[in-house]
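Here is how the chains run, residue by residue.
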Amino acid sequence: MIIKSWFVIYMKVGTAVVTRSDGRLALGRLGALCEQLKELNTRGYEVILVTSGAVGLGRQRLRYRRLANSSFSDLQNPQYELDGKACAAVGQSSLMALYDIMFSQLDVTSSQLLVNDGFFRDTDFRKQLTDTVHSLLNLRVIPIFNENDAVSTRKAPYEDSSGIFWDNDSLAGLLALELKADLLVLLSDVEGLYSGPPSDPKSKLIHTYVKEKHQTEITFGDKSRLGRGGMTAKVNAAVCAAYSGTPVIITSGYTNDNIMRVLQGERIGTVFHKDAHVWTSIKEVTAHEMAVAARESSRKLQILNSEERRKILLDVADAIEENESMIRIENGADVADAEEAGYERSLISRLTLRPEKIASLVKSVRKLADMEEPIGQILKRTELADKLILEKISCPLGVLLVIFESRPDALVQIAALAIRSGNGLVLKGGKEAKRSNAALHKVITSAIPDKVGETLIGLVTSREAIPDLLKLDDVIDLVVPRGSNKLVSQIKDSTKIPVLGHSDGICHVYVDKAANIDVAKQIVRDAKTDYPAACNAMETLLVHKDLSGNKGLDELVAELQREGVQLYGGPRASALLKIAETKSFHTEYSSLACTIEIVDDVIAAINHIHENGSSHTDCIVTEDREVAETFLRQVDSAAVFHNASTRFCDGARFGLGAEVGISTSRIHARGPVGVEGLLTNRWLLRGTGQVVDGDRNVTYTHKELPVHA
């Protein structure tokens, strides 16, 4: 008797995933696929793989062989298309040899099963196939299926779609049903099923396929560049399998961990399920709809008078206080999950909402409420001509998209700043803070009056919605990423929308030869240890060379070591202090670690900062005022301090109430970005019927007027 394991997974990997655009094998993607299947095999999943790629691989090898054996005259003659069956025969052995090598390196055994659709008309064959596969699975062997194109009766170029199955997608669907799989994953070269060709910016990723809705709405692009099917074949196979009882997910095989993410429950790719119409009975709000709704609500917010907007913020602060217990329960669940997952201590610290942090958030919201009204302020008044008055006034940017990682307190600050500045807001927080963000979003939006609407602040919960949001340059006016260098770089490379933020927080403290060492020790200790995970924490300590001879350097090192700071040195410091040499001066530790280097003077320190810094926050400690002024004038960073810890670079500490982030760009806002950084301006012109008429009857005065007149 064959005992079925608790979960059977079918994986189908397409030609475009297995091979590169030139026909060669995509070894990196294949390696990542095999590693994921090894992990599933180890965890007790029964895994079956259906693979394409033999024809493409064989064609590439035969073309190379023909070229190698060709004479010069042969090369002058037109080349004929290679026989597809010959390509399949040559490529199949190479493909399977590679799978065998990769799996053997992972201590996994694989097996090959080549089938034709005609076989499935034979009942005895189907029973034998089922028995063989189950036997392999019980032995923890991964069966690898492929259609035997070498002896296929189909007509090239595979236009014949008759029979039991007609490509590897439909083969995967058939096998999933035949062997009663619990899940079928179809790996493609795109993220999933789109409403139109993925290359079309207007196309949207469909997270859940509903046959009744989507089968008439989708426009398919070109078929696969190498294989025979493309997305149309995948959807047909997915619909067939899903509506016969096997759930299906189409997702990208280009992302190295997508299979594991699917099984962890992440919302990636497109899901096909026979009950999908039940799940989506409530209309899903698309990224575009959320952004448009935020804009409409922001315009309603701007209509309110200053006191009404102030009251909304006070109500938000009250709501956070009243719901603190619920917020902390949800946050506690996030923290517990993060600890169980083995996240770094610095991330867990950022994630945790302690009572004092919540109290600080409430205080900052109330401080924002009491700030001077920022909207509609007259910045400049000019008389252009007699009774023709021009005003420059402050106004909101429009709709902000803020993407942040693992810091739920950022959600409160950003939401409060958006309300104060009259902007609509779309938020995407890190998955680590999913429950905390949902709780805070619910509390904050519940305090927004109906005449504005809770849609003023939208919360996106799916990472897969980010690409759609980044395409909305017609609706979203500014993107603010708050997170890792990788996150910021990816966003900058993926959107036409202006991006405000900083990618690194490599902050320096330079201790000059004229420094008061007691003051320097205090500043260095605070800059590194007050909150090591913060972007304004010191990552590099630069010390004047003279301090290495008068014990000043030793005192600074001892101060950091007492606090448990791991020290790394530049070439000079590592040799002198006998500590490990840093791999790079451009390192953001975000922990109790930092780099020390010795420099000749203030100019050398400035040059070091310009070469290795991130233009965030840099500090000099010295009692020599002239040296200090040189440093303050010449260091080209968003914030430059004299005898003060880098930790002061913060919106709340700057008196901004809160910050949406810190910007190291050189246009618009720079440094901690508060309300002012979320505003732009408009021009209002008041006249009495004047016309230009070629400027014949206008006498321009261009007279500056008092702004408060």
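Residues numbered from 1 in each chain as written. Predicted model: local features only at pLDDT ≥ 70, side-chain atom pairs only at ≥ 80, totals over all residues. Heavy atoms only, no water.

- The name given to the protein chain in an unreviewed UniProt entry is Delta-1-pyrroline-5-carboxylate synthase, with the source organism recorded as Pisum sativum.

## Points about the side chain of T251
Argument step 1. For T251, the location among the structural elements is in strand β7 (residues 248–252).
Argument step 2. Among all residues touching T251, those that are not within four sequence positions of it are V185, L186, L187, S188, V190, E191, N258, V262, I268 and G269. (Helix = DSSP H or I, 4+ residues; strand = E, 2+ residues; numbered from the N terminus. Contact = heavy atoms within 4.5 Å.)

## Thoughts on the sheet that holds strand β24 (residues 703–705)
Argument step 1. Pairing is antiparallel across the open sheet formed by four strands, whose spatial order is β23-β10-β9-β24. In this open sheet, the two edge strands, each paired with only one partner strand, are β23 (679–686) and β24. Between one strand axis and the next, the sheet turns through 25° on average, direction left out of account.
Argument step 2. With eight bridges joining them, strand β10 (residues 388–396) and β23 adopt antiparallel strand pairing. Bridging from a neighbouring strand, L390 pairs with L685 of β23. (Pairing = 2+ DSSP bridges. Axes fitted to C-alpha atoms, helices over the stretch in contact; angles between N-to-C directions.)

## Things to note about the nonpolar core
Argument step 1. In this structure, V402, L425, L427 and I457 are the most contacted members of the largest nonpolar core, which totals 49 residues.
Argument step 2. By residue number, the principal contributor to this core is helix α17 (residues 408–421), which donates nine residues.
Argument step 3. Ignoring any residue separated from it by four or fewer positions in sequence, one finds L425 in contact with A294, L400, V402, I414, A415, A418, L456, I457 and G458.
Argument step 4. Membership of the second largest hydrophobic core comes to 35 residues, among which are V115, L137, L193 and V239. (Core = buried A, V, L, I, M, F, W, Y, C linked by side-chain atoms within 4.5 Å. Buried < 20%, exposed > 50% of the residue type's maximum accessible area, 1.4 Å probe, protein only.)

## Focus: the packing of aromatic side chains
Argument step 1. Enumeration over the complete set of coordinates arrives at seven aromatic pairs.
Argument step 2. Ring centres of F120 and F125 lie 5.5 Å apart, and the angle between their planes is 80°; on these two criteria the pair is classed as edge-to-face.
Argument step 3. Taking the relative accessible area as the measure of exposure, F125 reaches 22% and is therefore partly exposed.
Argument step 4. Plain terms: the ring middles of Y568 and Y589 are 5.7 Å apart, the flat faces sit at 5° to each other, and that makes the pair stacked. In this pair, Y568 sits in strand β17 (residues 566–569) while Y589 sits in the loop between α23 (571–577) and β18 (593–599), placing the two residues 21 residues apart along the sequence.
Argument step 5. The structure contains a cluster of three or more aromatic residues connected by ring pairs, namely F119, F120 and F125. (Phe/Tyr/Trp six-rings, centres within 6.5 Å; stacked < 30°, edge-to-face > 60°.)

## Examining the pattern of salt bridges
A side chain of one charge can pair with a side chain of the opposite charge when the charged atoms of the two come close.
Argument step 1. Following the criterion strictly, the structure yields 28 salt bridges and no others.
Argument step 2. A salt bridge links E308 to K451, with the nearest nitrogen and oxygen atoms 2.9 Å apart. Here E308, found in helix α13 (residues 306–322), pairs with K451, found in the loop between α18 (434–446) and β13 (457–460); they are 143 residues apart in sequence, far enough to count as distant.
Argument step 3. A residue is classified by how much of its surface remains accessible, and E308, at 29% relative accessible area, is partly exposed.
Argument step 4. The exposure class assigned to K451 is partly exposed, which follows from its relative accessible area of 49%. (Salt bridge = Lys/Arg side-chain N within 4 Å of Asp/Glu carboxyl O.)

## Digging into the sheet that holds strand β12 (residues 424–428)
Argument step 1. Pairing in this open sheet of four strands is parallel, and the strands run β13-β12-β11-β14 from one edge to the other. Edge strands, defined here as strands with exactly one partner in the open sheet, are β13 and β14 (478–482). Averaged over all pairs of adjacent strands, the angle between their axes in this sheet comes to 15°, without regard to strand direction.
Argument step 2. Examined bridge by bridge, strand β11 (residues 399–404) and β14 share five bridges and lie parallel to one another. By the bridge assignment for β14, I403 is matched with P481.
Argument step 3. Packed on one face of the sheet, helix α12 (residues 287–303) meets β11, β12 and β13 and runs near 145° to β12.
Argument step 4. Docked against the sheet, α17 engages β11, β12, β13 and β14, running at close to 165° with respect to β12.

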